[in-house]
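Working through the structure, step by step
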Amino acid sequence: MFTTISSILQGNDVGGVAKDVFINEVTMEMKKQFGYGCTGEFMVNWGVSMVRGFYRNY
C-alpha cells in the first residue's frame, strides 16, 4: 500500500506503479528467503537490478 501511494505521489503512471509494486514484492520475498544479513542484501540488490533491467529492455 505504501509503495503504491509513494509511486503515485512521484507522478508515475499505471505502468510505473505496477513496476514499483512488483519490485517491492520481489524484494520482500527475497528478504524472507535469504535473510537480512550481508548475503541477503546482496541477493536482493542483484534481484532488483535484474528486474529493473528487464523492465528497461522490454
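Further up the page is the structure itself.
Below or above, wherever it landed, is the structure these notes cover. (Residues numbered from 1 in each chain as written. Predicted model: local features only at pLDDT ≥ 70, side-chain atom pairs only at ≥ 80, totals over all residues. Heavy atoms only, no water.)

1. Quick notes on a nonpolar patch on the surface
Taken together, the side chains of Phe22, Phe54, Tyr55 and Tyr58 present a nonpolar region at the surface, about 500 Å² in accessible area. Examined against the element boundaries, Phe22 turns out to sit in helix α2 (residues 14-34). For Phe22, a relative accessible area of 42% translates into the label partly exposed. (Patch = residues over 30% accessible without salt bridge, like charges linked within 9 Å, V, L, I, M, F, W, Y side chains within 5 Å. Areas by Shrake-Rupley, 256 points an atom, 1.4 Å probe, with all protein chains shown as cover. Salt bridge = Lys/Arg side-chain N within 4 Å of Asp/Glu carboxyl O. Helix = DSSP H or I, 4+ residues; strand = E, 2+ residues; numbered from the N terminus. Buried < 20%, exposed > 50% of the residue type's maximum accessible area, 1.4 Å probe, protein only.)

2. Section: the nonpolar core
Membership of the largest hydrophobic core is limited to 6 residues, which are Ile23, Val26, Met30, Val44, Val48 and Val51. Where this core is concerned, the elements lending two or more residues are α2 and α3 (38-57). Leaving out residues up to four positions away in the same chain, Ile23 has contacts with Val48, Val51 and Arg52. (Core = buried A, V, L, I, M, F, W, Y, C linked by side-chain atoms within 4.5 Å. Contact = heavy atoms within 4.5 Å.)

Note that every value here comes from positions in space, so none of it alone points to a role or purpose.
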